[in-house]
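Inside the fold
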Amino acid sequence: MYVNLKVHDLSFTYQSLPVLSGVNFEVKKGDVLGIIGPNGSGKSTLLKNINALLKPLKGFVMLEGDNIFKMSRQKIAQSMAVVPQDTSIGFNFSVYEAVMMGRVPHLGRFQKEGEDDRTVVKESMEVTNCWSFKDRSVMELSGGERQRVILARALAQEPEIILLDEPTAFLDISYQTEIFDLIKELNIGKNLTVIAVLHDLNLAAQYCDHLILLNKGEIYKIGTPDEVITVDNIQEVYGTKVIISKHPVSKTPYVSLLPKIQNKFVKAISRKIHIIGGGGSASSLMEELFFQGMQLTAGVLNVGDKDWETAKNLGIDCTEELPFSFLSGEKHGENLEMIKNSDSVILTNTPFGRGNLKNLEAALFAVEKNFPVYIYEGFDVRLRDYTGGEAADIFQKLKDKGAREIANKSELLAIIKDKND
Amino acid sequence: MSRRPFIILFLIGFALFSMVVTTTIGVADISSIDVFKIIISKIPGLTFLIEQDWPSTWDTIILQMRMPRVVLGFIVGASLSIAGAAFQGLLRNPLADPYTIGVSSGAALGATIAMFLQTSLNMTFQIGIPFFAFLGAIIALAFVYNLARVGNTVPVVTLLLAGVVISSFLSAVISLLMLLAGEHIRGIYFWLVGGLSLRNWSHVLMILPYIIAGSVAIMFWSRDLNVILLGEEEAANLGIEVEKVKKIMLVAASLITGAVVSVSGMIGFVGLIIPHTVRMIVGPDHRILIPTSALFGGIYLIWIDSLARTVMAPVEVPVGIITAFLGAPFFIYLLRSKRKDFRF
């Protein structure tokens with residue numbers, strides 16, 4: 001794999017306002033790179049610098065070893081094609097003629113389109129499924145058809161790199177999938193390098209190999225979708241609370257928005273709740289309580305644990321310990337601090353071994369400090385006691401000192417909401 | 001695709017036919033046959049075929065008065081259509097032509113100044129008028145272009161607005177000069193409203209070099225013009241040096257406009273109607289649109305000029321008045337039907 005495009009220390013100002021500053025990255029041949037970021041973060045400006053439509057204040061862009069700002073437009077167009085966002089074609093060319101314009105960069109001034117050009121155009125149109133309406137006027141096309149024609153024209157350029165500026169911004173979901181599947185197919189089939197500005201984070205996560213998250217003209221984070229699309233990064237850059245789960249099929253991060261209006265509505269009965277769980281026993285409860293607008297904390301959870309993942313994706317504060325490790329005293333202490341800051345504590349149905357026994361002690365600590373403690377599901381601790389009875393002892397003490405056993409989620413919610421009202 | 005050569009050939013044939021027929025129209029009653037004979041008799045090598053059986057004054061009427069006028073009419077119509085097609089393509093707006101972006105007014109002012117100097121100071125520089133007109137066109141264009149420019153690009157809307165503003169201003173200056181011209185006002189006025197009367201071969205020769213140079217440049221970059229129709233950014237992405245092509249096109253079209261205005265005054269709407277109509281027939285590809293428009297525009301103008309000569313005979317109506325009568329409703333129609341998108 002060699003480097004197809006390199007952006008070095010790129011800075012751009014518009015009317016003396018900085019739009020991009022110190023942008024550095026490389027794109028390898030055959031990579032699909034997504035550029036994401038809020039409105040005004042410089043996404044489109046970055047794209048226009050990459051194809052030399054705008055001249056940067058500082059820095060340069062290397063296209064396969066040549067400085068793009070020293071290349072002729074024709075030379076650039078021979079290896080880089082652009083699919084823009086707004087593609088209202090307001091004139092009467094036929095679809096075929098419009099796609100044939102993709103051959104312009106490869107033709108001499110008075111050179112007529114030859115057999116080779118016609119072959120390339122036909123292939124591009126077949127791949128994008130627009131050969132069947134080649135004689136129609138571009139003005140009569142629907143949005144999805146038009147975008148396919150533009151894509152066909154870009155392919156007719158036989159580019160090494162294709163730049164997309166929110167190519168499906170105005171299309172409905174069926175066309176979005178169609179266009180992106182097509183792009184992915186070309187990426188895999190022809191080893192085409194793709195750089196796409198995208199608004200839709202889920203689309204970006206699903207189709208891109210790497211992502212650049214721009215914030216105020218600087219790269220906030222660059223990496224794989226898993227590394228870039230996290231609750232913290234999104235919260236920091238977009239200033240919006242989101243929940244991140246996994247796409248059910250592709251397993252890429254999936255962003256869900258949290259309507260602010262709901263948070264406002266439930267704020268009146270919001271409670272601070274600390275959850276002691278693990279092994280997935282607390283996941284569904286955490287989600288439920290989260291959507292009810294509760295302020296949650298959790299601990300101590302091992303990194304990589306199912307409950308830990310849920311807490312991360314919901315943006316819940318939690319004390320975390322290394323994977324499969326004994327809970328350290330230090331973490332235990334942090335956990336107790338969290339308990340002190342909460343209104344009530346919920347203990348879920350998680351198995352206890354030597355490693356996490358301290359979590360049970362934390363629950364006991366809460367009861368002793370007169371915090372309401374609820375034992376949710378799994379009343380018979382013997383079934384999940386792997387400590388030879390120690391856990392069962394503590395569990396018994398918990399119950400003796402007033403921890404309540406609640407088996408039903410809605411009952412638990414009702415009790416928590418009623419409390420102190 | 002394949003019918004293009006036929007359209008061109010047909011139009012060339014029709015243009016020749018029109019020239020001969022319109023040459024027969026006039027106060028002196030000379031038949032088509034005689035016109036044909038007179039023309040043939042003057043072609044070197046063919047003279048022996050024809051026996052002269054007409055009065056020799058007819059020679060003068062046909063060859064020195066009617067022929068140059070018809071040929072000039074053809075050139076003017078063709079040139080205005082080429083310039084109009086170039087401006088429309090470049091600005092992606094069917095309402096653009098040398099008049100709407102102020103270039104004609106600039107040319108007219110340049111020519112008016114030249115004539116004003118001639119008449120009031122008794123100077124003579126006949127050959128200088130097209131040059132002055134070209135200078136006026138270029139200066140007006142430079143004003144409009146820089147007024148309309150935003151950063152490195154010239155958006156269509158601001159260019160049209162700037163054209164309107166500069167046109168109005170220049171028209172005011174022309175009116176002022178005409179007032180100052182006193183008794184010579186009639187001459188300037190008749191030239192300005194657009195006419196082809198009393199034009200001879202020297203006028204044809206005077207403007208031909210400008211028009212050939214401009215037209216060749218426009219044809220040379222006609223494919224780029226097609227790509228620019230997609231949008232300036234898209235054209236740049238397809239390898240076109242958009243700003244360079246725009247400048248060349250604007251200068252070439254101004255050169256043509258300046259030359260035309262200097263001999264025929266302000267003949268409006270030809271550059272608007274013809275390319276638009278032709279586009280409906282041959283499509284928007286400038287490689288065919290421009291030559292077809294040129295032929296179409298030439299034919300259109302020689303027939304309109306014949307109408308101008310005969311409709312109120314013996315009084316001649318300036319051809320610019322007739323083109324305005326026909327063109328203004330067309331402009332309004334375009335404005336109404338294209339209002340939605342304001343594009344092709």
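Residues numbered from 1 in each chain as written. Chains lettered and ligands numbered in written order. Predicted model: local features only at pLDDT ≥ 70, side-chain atom pairs only at ≥ 80, totals over all residues. Heavy atoms only, no water.

1. Regarding the overall build of chain B
Check the secondary structure of chain B and you find 14 helices and zero strands. When its helices and strands are written in sequence order, chain B yields α-α-α-α-α-α-α-α-α-α-α-α-α-α. Relative to a compact globule of 344 residues, whose C-alpha radius of gyration would be 20 Å, chain B shows 21 Å and is just as compact. Overall, the C-alpha framework of chain B stretches about 65 × 55 × 35 Å when taken along its three principal axes. The 344 residues of chain B split such that 57% are buried. (Helix = DSSP H or I, 4+ residues; strand = E, 2+ residues; numbered from the N terminus. Rg over C-alpha atoms; globule rule 2.2 N^0.38 Å. Buried < 20%, exposed > 50% of the residue type's maximum accessible area, 1.4 Å probe, protein only.)

2. Side note on the sheet that holds strand E18 (residues 404-406) of chain A
Residue and element names in this part refer to chain A. Pairing in this open sheet of six strands is parallel, and the strands run E15-E14-E13-E16-E17-E18 from one edge to the other. Unpaired on one side and paired on the other, strand E15 (317-321) and E18 mark the two borders of the sheet. For this sheet, the mean inter-axis angle between neighbouring strands, taken without regard to orientation, is 20 degrees. Pairing of strand E13 (residues 272-276) with strand E16 (residues 344-347) involves four bridges; the strand directions are parallel. Its bridge partner being in E16, Ile276 is matched across the sheet by Leu347. Sheet strands in contact with helix H16 (residues 409-418) are E13, E16, strand E17 (373-376) and E18, and its direction is about 170 degrees off that of E17. (Pairing = 2+ DSSP bridges. Axes fitted to C-alpha atoms, helices over the stretch in contact; angles between N-to-C directions. Contact = heavy atoms within 4.5 Å.)

3. Quick look at the sheet that holds strand E10 (residues 218-223) of chain A
Residue and element names in this part refer to chain A. Reading across the sheet, the six strands line up as E6-E7-E8-E3-E9-E10 and stay open at both edges, with mixed pairing between neighbours. Of all strands in the sheet, those with a lone pairing partner are strand E6 (80-83) and E10, marking the two edges. The mean angle between the axes of side-by-side strands here comes to 15 degrees, regardless of whether they run parallel or antiparallel. Here E6 pairs with strand E7 (residues 161-165) via four bridges, running parallel. Across the sheet, Val83 pairs through a bridge with Leu164, a residue of E7. Contacts from helix H9 (residues 231-238) reach strand E3 (32-36), strand E9 (210-215) and E10, with the element oriented near 35 degrees to E9.

4. Description of the environment of Leu357 of chain A
Residue and element names in this part refer to chain A. By the secondary structure assignment, Leu357 is in helix H14 (residues 357-368). Note: C-alpha distance between Leu357 and Tyr386 (29 residues apart in sequence) is 9.6 Å. Excluding residues within four positions of it along the chain, Leu357 makes contact with Phe352, Thr387, Glu390, Ala391 and Ile394.

5. Quick word on the interface of chain A and chain B
One widely used convention gives an interface's size as the accessible area the parts lose upon coming together. In this assembly, 31 residues from chain A lie in contact with 22 residues from chain B. Buried area between chain A and chain B, both sides added, is near 2400 Å², and the carbon and sulfur share of it is 55%. Looking only at chain A, the three residues that lose the most surface to chain B are Arg73, Phe91 and Arg109 of chain A, adding up to 26% of its buried area. Here chain A is connected to chain B by three salt bridges. In this structure, Arg287 of chain B engages Glu113 of chain A in a salt bridge whose closest nitrogen and oxygen atoms are separated by 3.7 Å. Viewed at the interface, chain B and chain A are joined by eight residue pairs in polar contact (both at pLDDT 80 or more). (Buried area = accessible area lost by both parts, 1.4 Å probe. Salt bridge = Lys/Arg side-chain N within 4 Å of Asp/Glu carboxyl O. Polar contact = N/O pair within 3.5 Å; in protein donor to acceptor, adjacent residues only side chain to side chain.)

6. Let's talk about the environment of Leu141 of chain B
Residue and element names in this part refer to chain B. Structurally, Leu141 can be placed in helix H5 (residues 128-148). Under the relative-accessibility criterion, Leu141 is labelled buried at 7%. Sequence separation between Leu141 and Leu250 is 109 residues, and the spatial gap between their C-alpha atoms is 7.9 Å. In contact with Leu141, other than residues within four places in its own chain, are Ile101, Val103, Leu250, Val251 and Ser254.

7. A look at the confidence of the model for chain B
Note: predicted coordinates in regions of low pLDDT should not be interpreted at a detailed level. All names here are of chain B. Mean pLDDT for chain B: 83, with 92% of residues reaching 70 or above. Across chain B, helix H13 (residues 286-310) holds the top mean pLDDT of 93, while helix H7 (residues 185-192) sits lowest at 76. Counting interchain partners and residues more than four positions distant, the pLDDT-below-50 stretch residues 339-344 has 22 contacts. On the interface metric, ipTM, the complex scores 0.76, and its pTM is 0.76. (pLDDT = per-residue confidence, 0-100.)

8. Details of the nonpolar core
In terms of nonpolar packing, the biggest core is built from 119 residues, with Val149 of chain A together with Val76 and Ile218 of chain B touching the most fellow members. With 15 residues, the single largest contributor to this core is helix H3 (residues 56-91) of chain B. With residues up to four places along the chain from it excluded, the contact list for Ile218 of chain B reads Ile82, Ala86, Met249, Ala252, Ala253, Ile256 and Ile290 of chain B. By size, the runner-up hydrophobic cluster in this structure holds 36 residues, among which are Val32, Leu186, Leu201 and Val237 of chain A. (Core = buried A, V, L, I, M, F, W, Y, C linked by side-chain atoms within 4.5 Å.)

9. Considerations on the pattern of salt bridges
Evaluated as defined, the whole model comprises 26 salt bridges over all chains. The partner of Arg118 of chain A in a salt bridge is Glu115 of chain A, and the shortest N-O contact between them spans 3.7 Å. Taken together, the positions of Arg118 of chain A and Glu115 of chain A, both in helix H4 (residues 115-127) and three residues apart, correspond to about one turn of that helix. For Arg118 of chain A, a relative accessible area of 36% puts it in the partly exposed group. Its relative accessible area of 55% is what places Glu115 of chain A among the exposed residues. Between Lys246 of chain B and Glu243 of chain B there is a salt bridge; the shortest N-O distance is 3.4 Å. Remark: Glu243 of chain B and Lys246 of chain B occur in helix H11 (residues 242-264); sequence separation between them is three residues, near one turn of the helix. Its relative accessible area of 3% is what places Lys246 of chain B among the buried residues.

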